[in-house]
Amino acid sequence: MWGGGDYTPASLTCLVSGSGQTTCTPSLPPACWGMCGHPIPSQDGTSSLTLYHIGNCGLLGSRPRLLLVLPSQSLPLTPAGRQCYDLLVIGGGSGGLACAKEAAQLGKKVAVVDYVEPSPRGTRWGLGGTCVNVGCIPKKLMHQAALLGGMIHDASHYGWKVAQPPHDWGKMAEAVQNHVKSLNWGHRVQLQDRKVKYFNFKASFVNPHMVCGVSKGGEETLLSADHIVIATGGRPRYPTHIEGALEYGITSDDIFWLKESPGKTLVVGASYVALECAGFLTGLGLDTTVMIRSVPLRAFDQQMASLVTEHMAVHGTRILRGCTPLRVERLSDGRLQVIWVDLASDKKDTGTFDTVLWAVGRVPETRGLNLEKAGVRTNPNTQKILVDAQEATSVPHIYAIGDVAEGRPELTPTAIMAGRLLAQRLCSRSSDLMDYDNVPTTVFTPLEYGCVGLSEEEAVARHGEERVEVYHAYYKPLEFVVPERDASQCYIKMVCLREPPQLVLGLHFLGPNAGEVTQGFALGIKCGASYQHVMRTVGIHPTCAEEVAKLRISKRSGLDPTVTGC
Amino acid sequence: MPIKHRVQRKSLKTSHTVSSPLVTPQAHQSGVLQKLLQEDPTYDYDLIVIGGGSGGLSCAQEAAALGRRVMVLDLVVPSPQGTSWGVAGTCVNVGCVPKKLMHQAALLGQALTDSRKFGWECSQQVKHNWETMTEAIQKHVGSLNRSYQRALREKAVAYVNSYGEFVEHHKIKATNGKGQETYYTAAKFVIATGERPRYLGIQGDKEYCITSDDFFSLPYCPGATLVVGASSVALECAGFLAGLGLEVTVMVSSQLLRGFDQEMAEKVASSMQQLGVRFLRKFVPVEVQQLEKGSPGKLKVVAKSTEGTEIIEGLYNTVLLAIGRDSCTKKIGLEKIGVKVNEKTGKIPVNDVEQSSVPYVYAVGDVVEGQPELTPVAVQAGRLLARRLFGGRLEKCDYINAPTVVFTPLEYGCCGYAEEKAVEVYRKENLEVYHTLFWPLEWTVACRDSNTCYAKIICSKFDNDRVIGFHVLGPKAGEITQGFAAAMKCGLTKQLLDDTIGIHPTCAQVFTTLETTKSSGLDITQKGC
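Residues numbered from 1 in each chain as written. Chains lettered and ligands numbered in written order. Predicted model: local features only at pLDDT ≥ 70, side-chain atom pairs only at ≥ 80, totals over all residues. Heavy atoms only, no water.

## Focus: the sheet that holds strand 24 (residues 441-443) of chain A
What links the strands of a sheet is backbone hydrogen bonding, and the strands pair in either a parallel or an antiparallel sense.
All names here are of chain A.
Phase 1: Spatially, five strands are ordered 24-25-28-27-26 in an open sheet, and the strand pairing comes out antiparallel. Here the strands that pair on one side only, and so sit at the sheet edges, are strand 24 and strand 26 (468-474). Strand-to-strand, the axes of this sheet are offset by a mean angle of 10°, without reference to chain direction.
Phase 2: As defined by bridge partners, strand 27 (residues 491-497) adjoins strand 28 (residues 504-510) across six bridges and the pair is classed as antiparallel. By the bridge assignment for strand 28, Met494 is matched with Leu507. (Pairing = 2+ DSSP bridges. Helix = DSSP H or I, 4+ residues; strand = E, 2+ residues; numbered from the N terminus. Axes fitted to C-alpha atoms, helices over the stretch in contact; angles between N-to-C directions.)

## A look at the pairing of strand 8 (residues 110-113) of chain A
Residue and element names in this part refer to chain A.
Phase 1: Residues Val110 and Val112 point to one face of strand 8 and Ala111 and Val113 to the other, with burial holding for every one of them.
Phase 2: Where strand 7 (residues 83-90) lies against strand 8, four bridges are found, and the strand directions are parallel. Counted as the bridge partner of Val89 is Val112 from strand 8.
Phase 3: This β-α-β element, strand 7 to helix 1 (residues 94-105) to strand 8, shows right-handed connectivity.
Phase 4: Pairing geometry for strand 8 and strand 9 (residues 197-199), over three bridges, is parallel. The residue bridging Ala111 from the neighbouring strand is Lys197, located in strand 9. (Buried < 20%, exposed > 50% of the residue type's maximum accessible area, 1.4 Å probe, protein only. Right-handed = clockwise from strand over helix to strand, strands pointing away.)

## Brief notes about the UniProt feature "binding site: NAD(+)" (unreviewed entry) in chain A
Residues and elements named next belong to chain A.
Phase 1: Taken from the UniProt record, the annotation "binding site: NAD(+)" (unreviewed entry) applies to Gly269, Ala270, Ser271, Tyr272, Val273, Ala274, Leu275, Glu276 and Gly361. On the basis of their most widely separated C-alpha atoms, the annotated residues across 93 residues gather in one place, lying no more than 13.6 Å apart.
Phase 2: Position of Ser271 relative to the elements: it lies in the loop between strand 15 (265-268) and helix 7 (272-283).
Phase 3: Overall, Ser271 belongs to the partly exposed group, its relative accessible area being 24%.
Phase 4: Non-local contacts of Ser271, meaning those with residues more than four positions away in its chain, are made with Leu297 and Ala359.
Phase 5: A residue is classified by how much of its surface remains accessible, and Tyr272, at 30% relative accessible area, is partly exposed.
Phase 6: The residues contacting Tyr272, other than those within four sequence positions of it, are Lys139, Leu297, Glu410 and Val443. (UniProt positions renumbered as here; feature names shortened; annotations may be inferred. Contact = heavy atoms within 4.5 Å.)

## A look at empty space enclosed by the protein
Over the atoms rolls a probe the size of a water molecule, and its path tells where empty space is left.
Phase 1: Throughout the structure, instances matching the rule amount to one cavity of 30 Å³ or more.
Phase 2: Put simply, the largest cavity is a space of about 40 Å³.
Phase 3: If you trace the largest cavity, you find it lined by A:Met494, A:Val504, A:Leu507, A:Phe521, A:Gly524, A:Ile525, A:Ala529, A:Val534 and B:Ala486.
Phase 4: Taken together, the elements giving at least two residues each to the lining of the largest cavity come down to strand 28 and helix 13 (514-526) of chain A. (1 Å grid on protein atoms, 1.4 Å probe; cavity = no way out; pocket = protein on both sides within 12 Å on 5 of 7 lines; lining within 4 Å. Points joined across faces, edges and corners; volume = space filled by probe spheres on them.)

## Considerations on the domain arrangement of chain B
Residues and elements named next belong to chain B.
Phase 1: Domain assignment breaks chain B into domain 1 (45-194 + 328-391), domain 2 (198-324) and domain 3 (411-518).
Phase 2: A C-alpha centroid distance of 26 Å is found between domain 1 and domain 2.
Phase 3: Each partner contributes to the interface: domain 1 provides 20 residues, whereas domain 2 provides 23 residues.
Phase 4: Of the roughly 1,700 Å² buried at the junction of domain 1 and domain 2 (both faces included), carbon and sulfur atoms supply 65%. (Domains from an automatic or database assignment. Buried area = accessible area lost by both parts, 1.4 Å probe.)

## A few points about helix 1 of chain A
All names here are of chain A.
Phase 1: Counted at 1.5 Å a residue, the expected span for helix 1 with its 12 residues is 16 Å, and the 16 Å between its end C-alpha atoms agrees.
Phase 2: Counting buried positions along helix 1 yields 11 of 12 residues, so the element is predominantly enclosed.
Phase 3: Buried within helix 1 we find Ser94, Gly95, Gly96, Leu97, Ala98, Cys99, Ala100, Lys101, Glu102, Ala103 and Ala104.
Phase 4: Just downstream of helix 1, Gly107 is the residue with a positive phi angle, here 95°. (Expected span 1.5 Å × (residues − 1).)

## Side note on the UniProt feature "domain: Pyridine nucleotide-disulphide oxidoreductase dimerisation" (unreviewed entry) in chain B
Phase 1: Per the UniProt record, "domain: Pyridine nucleotide-disulphide oxidoreductase dimerisation" (unreviewed entry) is annotated on residues 403-513 of chain B.
Phase 2: Secondary structure across residues 403-513 of chain B comprises 29% helix and 29% strand; the distance between its end C-alpha atoms is 22 Å.

## Here we look at the environment of A:Gly511
All names here are of chain A.
Phase 1: Following the sequence through the fold, Gly511 ends up in the loop between strand 28 and helix 13.
Phase 2: The spatial distance from the C-alpha of Gly511 to the C-alpha of Val308 is 9.6 Å, given a sequence separation of 203 residues.
Phase 3: Those residues in contact with Gly511, other than ones at most four positions away along the chain, are Leu447, Glu448, Tyr475 and Cys490.

## Thoughts on the packing of aromatic side chains
Residue and element names in this part refer to chain A.
Phase 1: This model, assessed by the stated rule, comprises 20 aromatic pairs over all chains.
Phase 2: Relative to Phe201, the ring of Phe199 has its centre 5.0 Å away and its plane inclined at 15°; by these criteria the two rings are stacked. Take Phe199 and Phe201: they sit in the same class, and that class is buried.
Phase 3: Sitting over the ring of Phe353, Lys264 keeps its end group 5.0 Å from the ring centre.
Phase 4: The ring of Phe480 carries Arg485 above its face, with NZ or CZ at 5.3 Å from the centroid. (Phe/Tyr/Trp six-rings, centres within 6.5 Å; stacked < 30°, edge-to-face > 60°. Lys NZ or Arg CZ within 6 Å of the ring centre and 35° of its normal.)

Set out below in structure tokens:
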């Protein structure tokens, strides 16, 4: 643990008055030092106040240093102040909390600092980070609400005497938000149970071992720790170059917390966030348009990506390809007018919407952290923190996990696992590194897309077309037949090495419950499954997942990949 | 000298023919070469398959694709209630397919309830119409029958809608629905006659009770139903009837889901009880009386305790027997050619290449002794058998770790050992069982119970914590289990589960974060709404 009194020049004396005024002899230039927190009582009855030397001011050398001062007994005492921890985690999202809880369980003294800066629309939320509050959880629940709309439609074909009812956004949103709030509470309780100190502070580095936390009321506390983990995640990007974007648009930070229906919505972006939001909005019966500048789901297999958007288009989402917005204006009736340009024809077009949702990417939350004070390096292009395989930043005792770290998949379970493994390493419980290969994921579009391993493009790029065999099938989920649902986009492909035993490189599944289907196969790939292994697995009849174990048609054969019969 | 020369020339010629790059591959591809080499012109067919279900058809089609002359004999003997159906056997007509569709209908009923919590303004009481559902399902079954017939025609399989019965070696009598008899011979036979539901052998059972053979095409709503039995069929039917809003009672003589993990079986039953299914344990029916005719009518069931002398009576509209299935091996003349049948089970013992005690007679599917009664197993076994018989291939069907799912309202998926079986084989001290209850995200908003869904794996401690049993009770268990079964084929271990990233938020991800061992006795309950 870092001990106090790192550097106390013998010649320096400071006096702190009852009102908090500090005078030092010799006097320190204001640019050279700072104060953080309030005087705290020490065991001998005196109080201490922490001063820090910012560095590079010509005094005391160039290193940031800590100065400890013991002032008079007459100081006002407040409970806050400088606190020392074995591990300090900045950011109370999935990764940060997992790391903090694991380290605390292994006996470390741990604190978590978390603060949600309200969105430009003023949306704020509790502990748990993006996933819980404005990501996976509310997203999947709204996706489920949309799926239920489809099921109500199906139900009439299955004998239920029901007509398609209207949807009440407010009721859904309240239910979703209540669940999220219960999770916020659950996270607080878990931290308490594991004796992790939680601060609702906005944190910034003071020096490599010290972080200053500012509360909502502006109160400051200085926290120091042997190890610091940055897990501040990211926030949606606003295309500020577009006039009206910031004033009138919302992002995924807001959509799940809207109390009223967003109405006719324009979703701008081609990310999975864009497609998922557009998907459930359409499913809830809203007039929804997605505007995509170039390709959808860029990092994903492109054949699958186009099937995803094709399915959405067939099911009522309007998709504008090759277009980009120029301007958003508010009309006198309160609606939003968006002017966009078709990039191919350079033709301008206009549309009126109730809501414009930007889903054009995310920005890592590194700007307010004063990373330069700690010497933590970021990628100047992405603003993400550079990390090594140990998750260590350019400063060895400072780490970064989750969406804020450069080159990591922006996924909750990866952040959680990275956080836990990091805590185990810090506590010398294990030397296991996080394996970022073959991370499975699912895009919860109306027709879900689950994948693990390489895309076809990536497999060909790595191994060459001649060495890759792709098995594929168009299948029809049994549940689709009775309501006569269109299954044109229900498609599976397995990308394998061509040479026996045909190691599986990637699996791509488009269909209902893709998340549930993909998980087990992700394990299979982790275990080094070959095409032969999968083919020798007995199917579970009748499921969609069994179609994976029945993939017999290779793309190379040119045969019709449509599944018929049982 | 001249003689030697002649011999040499002959051998050269022979080797030239066989290795010709132009002639042989073509002949091989079209199957002509193999026919020339193997075909026995003294028989009408190379292969006759008895039984047109999943296993029989896959075998027949594969053999035909390999260029063989193949016949399928398939005739559905009507049930005692007079129900009959088309080609493709139990799975398509009176099994998996209609079962899963009725299960889906019941799940949709649950979805209607959930949907209100998710903002859909559905009316509180939605009625279900049995006829609409059954018609839709039968329409799909009919289209599958036709597509199978089409596939058989396209592959030039001779499909004969007749009952097959051996009369002497290599010779079979085919009797059609009108009683006309025809005789066929073949070099090889495959028995794939499957099974049919068993009756109790009590007064009134064949007259008044129905079985799964009748159930899926029942033209009227069965009303208050007594399901007799504890098989997966019994629980599945009881489950979706309850889901459709009917009053359901299940009468169980002893164990639930025999052969399955008993902890899971009890959890399945209690999840059904939550849905309103009533269980009468340790009773067997002794008499069924008809009180009123009708669609449905009214039946009185007298049942006797299996433990004492207690007698109970109950009134039901429908009694569905699901007490087990008997192999269709009795009336097909097996004794005439000496094919051994297990007296007790009626099943046909085969070796690891599906061969019966008579070398040219094979068996696949549910009639085979000691193999899982599953459609995909039969399909795989049939296909591989045809390839071995006629395609020069060697691959055998791998029956190890066949995954199974019971489509009860809360689905139960499993692969590998049941816990009690694992204890028997490995001994308790060599096992570690990891488990947890879990709460699907979709259930939170729907305010469904947070401690119903359950995940369990059984690991062999001294074999690298290899996963030897996988069990999941929860929504979409069927979809979840498949991939894990593939992973178990590749030697899944607990470490690999821990190392695999979960897909968030899904139910399946629960298996990547299993921490609590059963032996620790720690609490696994989840906090509720």
